[in-house]
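Residue-level structure breakdown
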Amino acid sequence: MINGLLGKKVGMTQLLQDDGTVVPVTVIQAGPCVVVQKKTKQKDGYDAVQLGFVEFIKPKRVNQPMTGHFKKANVAPARFVRELIVQGDEAANPGDKVMVGIFTQNELVHIVGTSKGRGFAGLIKRHHFRGGRATHGSMFHRAPGSIGSSAYPSRVLKGMRMAGHMGNERVTVQNLRVARIDQENNLLFVRGAVPGPAGGYLVVEKSGR
């Protein structure tokens, strides 16, 4: 049993509930996905399937090793490929499709994506430091302040929160609730926000709780 699929973030909108409340949701184009490779415990040491997100991609955008990989499975090339753990003996075979119908309404899911890149950010934006006062000539506003000891250990300790590259990293949001499923258009409506910009690729997995 495959407990997830690949998708692409469409954007955010609102759903009106029967009691009149408005629920913010993220719209995800969940699939269709195709099984590219099946991995077994006997051969690979673990049970999993490699899924590819079905969308058009120019053949010249796929390198030769991946072209042969897709050709072996007799599937069209995919831009976004990820592995998902499977449970049970009834695993899918290469060429099988995985659709959004594997999810049910009100089910909890984990969503993995890549956060928006913010470039080089300072302490206040990156780590939510308070900063100094803006008045009375303090001359300490958005500076980092002290970052280490002088005589001992005479170095900056690892893990010190400082200015640097912010965002563009793998983020997992857990236990988001499925608000609606549109099987005709392969759309999944999930309550709340998910990482990444519109058009970003996502992995949607069942929480198993």
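Summarised in this report is the structure supplied together with it. The shown structure was predicted, so the numbers you read here are calculated from the model rather than taken from an experiment.

The omega angle of the peptide bond from Y152 to P153 is 5°, so this bond is cis rather than trans. Mapped onto the fold, P153 is located in the loop between α3 (123-127) and β9 (164-166). A positive phi is found at M139, a non-glycine position, where the angle reads about 60°. Residue position: M139 is located in the loop between α3 and β9. For N168, which is not a glycine, the phi torsion comes out positive at approximately 55°. Inspection of the secondary structure assignment puts N168 in the loop between β9 and β10 (170-182). For N168, a relative accessible area of 48% corresponds to the partly exposed category.

Attention now goes to the side chain of N186. Examined against the element boundaries, N186 turns out to sit in the loop between β10 and β11 (187-191). For N186, a relative accessible area of 14% puts it in the buried group. Excluding its chain neighbours within four sequence positions, the residues that come into contact with N186 are I28, Q29, A30, G31, P32, M99 and V100.

Another aspect to go through is the sheet that holds strand β3 (residues 33-39). Judged by pairing direction, the sheet is antiparallel, and its 4 strands sit side by side in the order β5-β4-β3-β6 without closing on themselves. A strand with exactly one partner marks an edge of an open sheet, and here the two such strands are β5 (81-85) and β6 (97-98). With 2 bridges connecting them, β3 and β6 associate as antiparallel partners. Note on β6: the bridge partner recorded for C33 is V98. In the packing of helix α2 (residues 64-73) onto the sheet, the strands contacted are β3, β4 (48-53) and β5, and the crossing angle to β3 comes to about 90°.

Before going further, it helps to examine the nonpolar core. Formed by 28 residues in total, the largest nonpolar core has its most connected members in I2, L51, V109, I111 and L188. Broken down by secondary-structure element, the contributors of at least two residues to this core are β1 (4-16), β2 (22-30), β3, β4, β7 (108-114), β10, β11 and β12 (201-206). Setting aside its immediate chain neighbours within four residues, I111 contacts I28, V171, T172, V173, L176, V190, V194, L202, V203 and V204. By size, the runner-up hydrophobic cluster in this structure holds 9 residues, among which are I57, V62, F70 and V81.

The sheet contact formed by β1 and β12 spans 5 bridges and is antiparallel. Its bridge partner being in β12, K8 is matched across the sheet by Y201. Inspection of the sheet shows β7 paired to β12 by 5 bridges, in the antiparallel sense. Bridge pairing links H110 to E205 in β12.

Enumeration according to the criterion identifies 4 salt bridges in this entry. Residue K39 is joined to E83 by a salt bridge in which the shortest nitrogen-to-oxygen separation is 2.6 Å. Residue K39 is found in strand β3, and its partner E83 is found in strand β5; the two are separated by 44 residues along the sequence. You can call K39 buried: its relative accessible area is 17%. K206 is the salt-bridge partner of E107, the closest N and O atoms lying 3.9 Å from each other. Highlighted residues: E107 in the loop between β6 and β7 and K206 in strand β12, separated in sequence by 99 residues. By the burial criterion, E107 is buried, and K206 matches it. Here the salt bridges do not stand alone but share partners, grouping K8, E55 and R79 into one network.

Cut-off values and rules
Residues numbered from 1 in each chain as written. Predicted model: local features only at pLDDT ≥ 70, side-chain atom pairs only at ≥ 80, totals over all residues. Heavy atoms only, no water. Helix = DSSP H or I, 4+ residues; strand = E, 2+ residues; numbered from the N terminus. Buried < 20%, exposed > 50% of the residue type's maximum accessible area, 1.4 Å probe, protein only. Contact = heavy atoms within 4.5 Å. Pairing = 2+ DSSP bridges. Axes fitted to C-alpha atoms, helices over the stretch in contact; angles between N-to-C directions. Core = buried A, V, L, I, M, F, W, Y, C linked by side-chain atoms within 4.5 Å. Salt bridge = Lys/Arg side-chain N within 4 Å of Asp/Glu carboxyl O.

Honestly, it's all geometry; don't read function into it.
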